[in-house]
Amino acid sequence: MSKAGAFDLASGVGGKIDKTEVLSAVEKYEKYHVLFGGEEEERKANYTDMVNKYYDLVTSFYEFGWGESFHFAARWNGESLKESIKRHEHFLALQLGLKPGQKVLDVGCGIGGPLREIARFSSTSVTGLNNNEYQITRGKELNRTAGVEKTCDFVKADFMKMPFPDNTFDAVYAIEATCHAPDAYGCYKEIYRVLKPGQCFAADEWCMTDAFDPNNAEHQKIKAEIEIGDGLPDIRLTRKCLEALKQAGFEVIWEKDLAIDSPVPWYLPLDKNHFSLSSFRLTALGRFFTRNMVKALEFVGFAPKGSQRVHDFLEKGAEGLVEGGRKEIFTPMYFFLARKPLSDSQ
């Protein structure tokens, strides 16, 4: 973990937002969401502002608790969380059939943990697309530390309007990132455009499953908690993602909810009843320490005002994720591998 210290966490809260404006940014972010009276259409219309605020506010918390790769993974018994995350990134590279020297796009790359791992594993050049300036700054610093700055770079842009020519990339992947898109079809269509004909796109999507009942108040509460805790305008059903993928022109090679067969539940690191030394900061006790540490640092003025509120909505999101996983109404690992037809040369 790169920014392991409490003071790094506190000083990073707010990202590129002026520290005196963090609290007002938190308040504005919260108001987008159902739990604070927000509407789905407003979140979709303002997704760029909402998602940027979200990642400015939470990135240091993510890095503190999760490391450089902000995603879940199917996990074997006896396997650590960190090992499972790395294995999943290798799995993606293998599914895409990456070959040395290829040009790859990571859509919604965060601070670039998967990007660096996949580039080293496959000897490819990976471009990370991200619309958050703070995460890109962190990612560039981490690329230099890892020694991959010559083969890996970042582009600041909206994945609904990518600044790349048609047929640019040999492969594209997205790990739990395109869930932030206000429209799956529009996002997939852009990915289709920049991908070379005959090449593949692989992704993990955050989705509600067929077990989700929109008329069930508890289900709706869980969905709302995940949305505020994770910066989402909405959470689509798995079948809606599949429909959007086909509508965009892709041939679906295979698709599956990878959470179903995971020997260790994907949500275990966030379960309050679970204790782990290897991922201590994610456990109930670890989160209790973090909460009180942030509270103290905010009180003495080292962490900006509003830091505790950020931790609170992340906690709310974690509770929603665990309940959504337990009830099997939500998955962060709806995986698909799709190909752009060879006949399509744009």
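Residues numbered from 1 in each chain as written. Predicted model: local features only at pLDDT ≥ 70, side-chain atom pairs only at ≥ 80, totals over all residues. Heavy atoms only, no water.

The protein chain goes by Methyltransferase in an unreviewed UniProt entry, where it is assigned to Hibiscus syriacus. Recorded in UniProt for the protein chain, the comment headed Sequence similarities (unreviewed entry) runs: "Belongs to the class I-like SAM-binding methyltransferase superfamily. Erg6/SMT family." (UniProt positions renumbered as here; feature names shortened; annotations may be inferred.)

Colleague: So what's going on with the sheet that holds strand β7 (residues 330-339)? Which residues, and what values?
Modeller: Reading across the sheet, the 7 strands line up as β3-β2-β1-β4-β5-β7-β6 and stay open at both edges, with mixed pairing between neighbours. Two strands lie at the open edges of the sheet, namely β3 (152-156) and β6 (251-257), each paired on one side alone. Adjacent strand axes in the sheet meet at a mean angle of 15°, parallel and antiparallel pairs treated alike. Of the strand pairs in this sheet, strand β1 (residues 103-107) and strand β4 (residues 169-175) are connected by 3 bridges, and their pairing is parallel. What sits directly across from V104, in β4, is A171. In this fold helix α8 (residues 184-194) packs onto β1, β4, β5 (195-208) and β7, with an angle of close to 155° to the strand it touches most, β5. (Pairing = 2+ DSSP bridges. Helix = DSSP H or I, 4+ residues; strand = E, 2+ residues; numbered from the N terminus. Axes fitted to C-alpha atoms, helices over the stretch in contact; angles between N-to-C directions. Contact = heavy atoms within 4.5 Å.)

Colleague: So, the environment of R287: which residues are in play, and what are the values?
Modeller: If you trace the backbone, R287 turns up in helix α11 (residues 284-299). The spatial distance from the C-alpha of R287 to the C-alpha of E315 is 8.3 Å, given a sequence separation of 28 residues.

Colleague: Can you break down the side chain of R193 residue by residue, with the values?
Modeller: Among the structural elements, R193 can be located in helix α8. Only 3.0 Å separates the side chain of R193 from the backbone oxygen of M162, close enough to count as a polar contact. (Polar contact = N/O pair within 3.5 Å; in protein donor to acceptor, adjacent residues only side chain to side chain.)

Colleague: Give me the pattern of salt bridges: which residues, what numbers.
Modeller: For the coordinates displayed, the defined rule picks out 28 salt bridges. Ionic pairing is found between R339 and E251, a salt bridge with its closest N-O pair at 3.8 Å. Within this pair, whereas R339 is found in strand β7, its partner E251 is found in strand β6, the two being separated by 88 residues in sequence. One connected set of salt bridges, linked through shared partners, spans E40, R43, K44, K223, E227 and D234. (Salt bridge = Lys/Arg side-chain N within 4 Å of Asp/Glu carboxyl O.)

Colleague: Report on helix α2 (residues 22-31), specifying residues and quantitative values.
Modeller: Residues of α2 that are buried: V22, A25, V26, Y29 and E30. End-on, the buried residues of α2 take up no more than an arc of 135°, which puts them together on one face. Against α4 (47-66), α9 (217-230) and α12 (307-326) lie the buried residues of α2. (Buried < 20%, exposed > 50% of the residue type's maximum accessible area, 1.4 Å probe, protein only. Arc of directions from axis to C-beta.)

Colleague: Outline α8, listing residues and values.
Modeller: An α-helix turns once per 3.6 residues; consequently, residues spaced three or four apart project the same way. A large share of α8 lies buried, amounting to 9 of its 11 residues. Where α8 is buried, its residues meet β1, β4, β5, α10 (238-247) and β7. One side-chain oxygen of the residue at the start of α8 lies 3.4 Å from the amide nitrogen of Y185, identifying that residue as D183.

Colleague: Outline the packing of α8 against α10, listing residues and values.
Modeller: Their axes nearest at 8 Å, the elements α8 and α10 cross at an angle of 40°. Compared by their axis directions, α8 and α10 come out oblique. You can see that α8 and α10 cross each other, and the crossing is right-handed. In this structure, α8 contributes A184, Y185 and Y188 to the contact, and α10 contributes C241, A244, L245 and Q247. Partitioning the contact of α8 with α10 into residue classes produces 6 nonpolar, 1 polar and no charged. (Parallel < 35°, antiparallel > 145°, perpendicular 65-115°, else oblique. Left-handed = near helix turned anticlockwise from the far one by under 90°. Nonpolar A, V, L, I, M, F, W, Y, C, P; charged D, E, K, R; others polar.)

Colleague: An account of a nonpolar patch on the surface is needed here, citing residue identities and associated values.
Modeller: Nonpolar side chains collect at one region of the surface, where F7, F299, V300 and F302 lie side by side and expose about 510 Å² of accessible area between them. Mapped onto the secondary structure, V300 falls in the loop between α11 and α12. (Patch = residues over 30% accessible without salt bridge, like charges linked within 9 Å, V, L, I, M, F, W, Y side chains within 5 Å. Areas by Shrake-Rupley, 256 points an atom, 1.4 Å probe, with all protein chains shown as cover.)

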